[in-house]
Amino acid sequence: MVFKPTNDLDTYISHENTCETGVVRSNIFMNYIQNGPIIKNKDSLVSSFVPDEIIHRDEEIAQISSVLAPSLRGYQPNNLFIYGTVGTGKTITMKFILSELIRTANQNGGGVKPIYINCKMKRVADTEYRLIAQLLKEMGVYVPDTGISTNILYKRFFEEIEASKDSIFIIVLDEIDALFKKIGDEFLYNLTRSSSELENTKISIVGITNDLSFYDRLDVRVKSSLGEEEIVFKPYNALQLRDILLGRCITGFSAMPEGGVINKVAAMAAHEHGDARRALDLLRVAAEIAERFNDTMIEERHVDMAQDKLDLDKTVETVRSQPRHSQAVLYAMIKLHEEGKNKNSNRVQVQGNGVHWADKRLLTGDVYDRYKSICNAHKMPTLTQRRVSDLIGELDMLGIINARVISKGRYGRTRQITLALSDSVLRKTTNLLKERFV
DNA sequence: AGTCCACAGGAAGGGCAGGCGA
DNA sequence: TCGCCTGCCCTTCCTGTGGACT
């Protein structure tokens, strides 16, 4: 059988790693070498890549630079908060500015020490202890993962800071809202209050967040000790996204995409709140798919397939990495969803138009009952409803389900749950969970 | 207006694994 | 080795909620 490229993602995936005979060939990489890749420099096609020039962010760069510039003269910059939705270039702009700041500081004798930490990284800075430990690690100080009290850790941290005489530390906390959600704002208070007592060095904090209401939720005493400045990054529009993509195409591809590809990717990403990260992911995956099809150019159909693949990969991987009980809860929802669908389709056949098409909304109590029966069938201990309620909340936060609290009057308050998965993603997820719970 | 239901969700604490320091 | 510290996962207890029902 000769495999012809199609627009069907399942066909693509199922043939992704096979050959005509199903026998593994010894020259499996030959096609890649012979046909020549579309991708010239993959690094420049990922969202974390910091290019030499940041476009469409001149105003923001000027604003942030003016806030941080006093550090070059030995003065403490104001604390700064940067807001903006996902993929608006906050992180990349900040990293660009930090590299420029270091370069300029080095030319002028040093003294500025930026530390960048992503607070969303699991087991890196998702607790107060880990945050301070990570700050110390960034300063070259070994810290054990556990075993030391947080107070002692703070003490060590400020001792290290003080030892760096006449320096200005700029601590950039990316996704600071994630840390705030976990541990509150005490760490901000501790950092700002203690830093005001330092004699030889100074600390400034730059918080980056997607949450525009973040500052409003801080405690009053934290707000007063922060005394912050704020900058909001607006979403990119389709034209700006197109410019960004064109820039990355030049550095990333040896063959430019087909005519409408860039516009299509830009339009799709602009539709998703001007998300440049999504635009780059789409373009990169489309290029990878085109290469695997041995095509010489990225076409619009590759972009459509990339869109499906990104959604699929993200969700299935998320489900795969969940704890077993979370998977059991999700499996309970999928089973109830399937049964509801079948039941209603039968009823439609029997009763004609008298019954509405599948009511796919599930309730917490039903999900919990089914979850318990799945646990019993697999000899797993059952978690309490309280805990399962939290797991449902986590699945909601991950975007796998939509859960909304409703009141059914005297029949109580509950969560109304719907699956937030497309058909192809649901199929893959169901297969994955069936393997775990057969 | 008061009652009731089926939870939601906050707070507190238990048990566990693992590291540090005396 | 032991006590103390941590994070993590979990349970128990409790109060709050909001719309239907009486």
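Residues numbered from 1 in each chain as written. Chains lettered and ligands numbered in written order. Predicted model: local features only at pLDDT ≥ 70, side-chain atom pairs only at ≥ 80, totals over all residues. Heavy atoms only, no water.

Q: Is there a simple way to explain the pattern of salt bridges in this structure?
A: It is possible for side chains bearing opposite charge to pair when their charged atoms get close. Scanning the model with the defined rule gives 14 salt bridges in all. One salt bridge in this structure joins Glu100 and Arg103, with 2.7 Å as the shortest N-O distance. On the criterion of helical spacing, the pair formed by Glu100 and Arg103 is a turn pair, its members being three residues apart in helix α4 (residues 90-107). Looking at Glu100, the relative accessible area reads 29%, which means it is partly exposed. The salt bridge involving Lys264 is made with Asp304; its shortest N-O contact spans 3.1 Å. Of this pair, Lys264 sits in helix α11 (residues 261-271) while Asp304 sits in helix α13 (residues 300-320), and the two are 40 residues apart along the sequence. In this structure Lys264 comes out as partly exposed when scored by relative accessible area, which is 22%. (Salt bridge = Lys/Arg side-chain N within 4 Å of Asp/Glu carboxyl O. Helix = DSSP H or I, 4+ residues; strand = E, 2+ residues; numbered from the N terminus. Buried < 20%, exposed > 50% of the residue type's maximum accessible area, 1.4 Å probe, protein only.)

Q: In this structure, what is going on with the side chain of Gln322? I would like to understand it.
A: Residue position: Gln322 is located in the loop between α13 and α14 (324-351). Within the structure, the side chain of Gln322 is placed 3.3 Å from the backbone oxygen of Thr318, a separation counted as a polar contact. Those residues within four positions of Gln322 in sequence are excluded, and the remaining contacts are Gln327 and Leu398. (Polar contact = N/O pair within 3.5 Å; in protein donor to acceptor, adjacent residues only side chain to side chain. Contact = heavy atoms within 4.5 Å.)

Q: Hey, could you run me through the packing of α11 against helix α12 (residues 276-292) in this one?
A: Think of two packed helices as two axes; the pair is described by the angle between the axes and how far apart they sit. Where α11 meets α12, the axes come as close as 8 Å, and the angle between the chain directions of the two elements is 140 degrees. When the axis of α11 is compared with that of α12, the two are oblique. Two packed elements cross with a definite hand, and for α11 against α12 that hand is right-handed. On α12, the residues touching Val261, Ile262, Val265, Met268 and Ala269 of α11 are Ala279, Leu282 and Leu283. The residue inventory of the contact of α11 with α12, partitioned by class, reads eight nonpolar, no polar and no charged. (Axes fitted to C-alpha atoms, helices over the stretch in contact; angles between N-to-C directions. Parallel < 35°, antiparallel > 145°, perpendicular 65-115°, else oblique. Left-handed = near helix turned anticlockwise from the far one by under 90°. Nonpolar A, V, L, I, M, F, W, Y, C, P; charged D, E, K, R; others polar.)

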